[in-house]
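Residues per chain, in single letters:
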Amino acid sequence: MTGTRVEVKSDSERYMGSWYPAAIVRALKNRKYLVEYLTLKTGDETQLHREEADEILEFQHSELRPHRDWVNGQWSVDFR
């Protein structure tokens, strides 16, 4: 499970309510995980933000939507 890419909804006041790409750093006790965000940095902007995640939700492919980025004034989908 270490290194698995996931999306996490942060409980941090700065990022509350949005989902962000992250990777599992390691499993902790009681079905919790330490995750490292791929795009969010710590307050001093020197490292990627890490926090505990305590719930894993799995979705069927049909329940997902493509990730979009706002690029040059329009929404763009990366089909990698």
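See the structure printed just above.
Just so it is clear, the model here is predicted, and its values are computed rather than measured.

Peer 1: Is there a simple way to think about the layout of surface pockets in this case?
Peer 2: Gaps left between atoms are located by rolling a probe of water-molecule size over the structure's atoms. Its boundaries defined by the atoms lining it, the largest pocket holds a volume of some 1700 Å³. Contributing elements (two or more residues each) for the lining of the largest pocket: strand 1 (5–9), strand 2 (19–27), strand 3 (33–41), strand 4 (48–53) and strand 5 (68–71). The residue inventory of the lining of the largest pocket, partitioned by class, reads 19 nonpolar, 3 polar and 14 charged.

Peer 1: Which parts of the structure should I look at to understand the nonpolar core?
Peer 2: The tendency in soluble globular proteins is for nonpolar side chains to be buried as a group. Grouped together as the largest cluster of nonpolar side chains are 9 residues: Val8, Tyr20, Ala22, Ile24, Tyr33, Val35, Tyr37, Leu40 and Ala53. Elements with a contribution of two residues or more to this core: strand 2 and strand 3. The element contributing the most residues to this core is strand 3, with 4 residues. Once residues within four sequence positions are removed from consideration, Val35 is found in contact with Val8, Ala22, Ala23, Ile24, Val25, His49, Arg50, Glu51 and Ala53.

Peer 1: How should I be thinking about the pairing of strand 3 in this particular structure?
Peer 2: As a general feature of sheets, a regular strand has side chains that alternate between the two faces. Of the strand pairs in this sheet, strand 2 and strand 3 are connected by 5 bridges, and their pairing is antiparallel. Within the sheet, the bridge partner assigned to Ala23 lies in strand 3 and is Glu36. Linking strand 2 to strand 3, which pair antiparallel, is a turn of 5 residues; within it Asn30 sits at a positive phi near 60 degrees. In this structure, strand 3 lies alongside strand 4, joined through 5 bridges in antiparallel fashion. Its bridge partner lying in strand 4, Val35 is registered against Glu51. Between strand 3 and strand 4, which follow one another and run antiparallel, lie 6 residues, and Glu45 among them has a positive phi close to 65 degrees.

Peer 1: Can you help me understand unusual backbone geometry in this one?
Peer 2: What you tend to see is this: most non-glycine residues have negative phi, and most peptide bonds are trans. Despite not being glycine, Arg31 shows a phi value in the positive range, around 60 degrees. Checked against the element boundaries, Arg31 lands in the loop between strand 2 and strand 3. According to the relative accessible area criterion, Arg31 is exposed, its value standing at 70%. A positive phi angle, close to 50 degrees, is found at Asn72, a residue other than glycine.

Here is what the cut-offs are and how they apply
- Residues numbered from 1 in each chain as written.
- Predicted model: local features only at pLDDT ≥ 70, side-chain atom pairs only at ≥ 80, totals over all residues.
- Heavy atoms only, no water.
- 1 Å grid on protein atoms, 1.4 Å probe; cavity = no way out; pocket = protein on both sides within 12 Å on 5 of 7 lines; lining within 4 Å.
- Points joined across faces, edges and corners; volume = space filled by probe spheres on them.
- Helix = DSSP H or I, 4+ residues; strand = E, 2+ residues; numbered from the N terminus.
- Nonpolar A, V, L, I, M, F, W, Y, C, P; charged D, E, K, R; others polar.
- Core = buried A, V, L, I, M, F, W, Y, C linked by side-chain atoms within 4.5 Å.
- Buried < 20%, exposed > 50% of the residue type's maximum accessible area, 1.4 Å probe, protein only.
- Contact = heavy atoms within 4.5 Å.
- Pairing = 2+ DSSP bridges.

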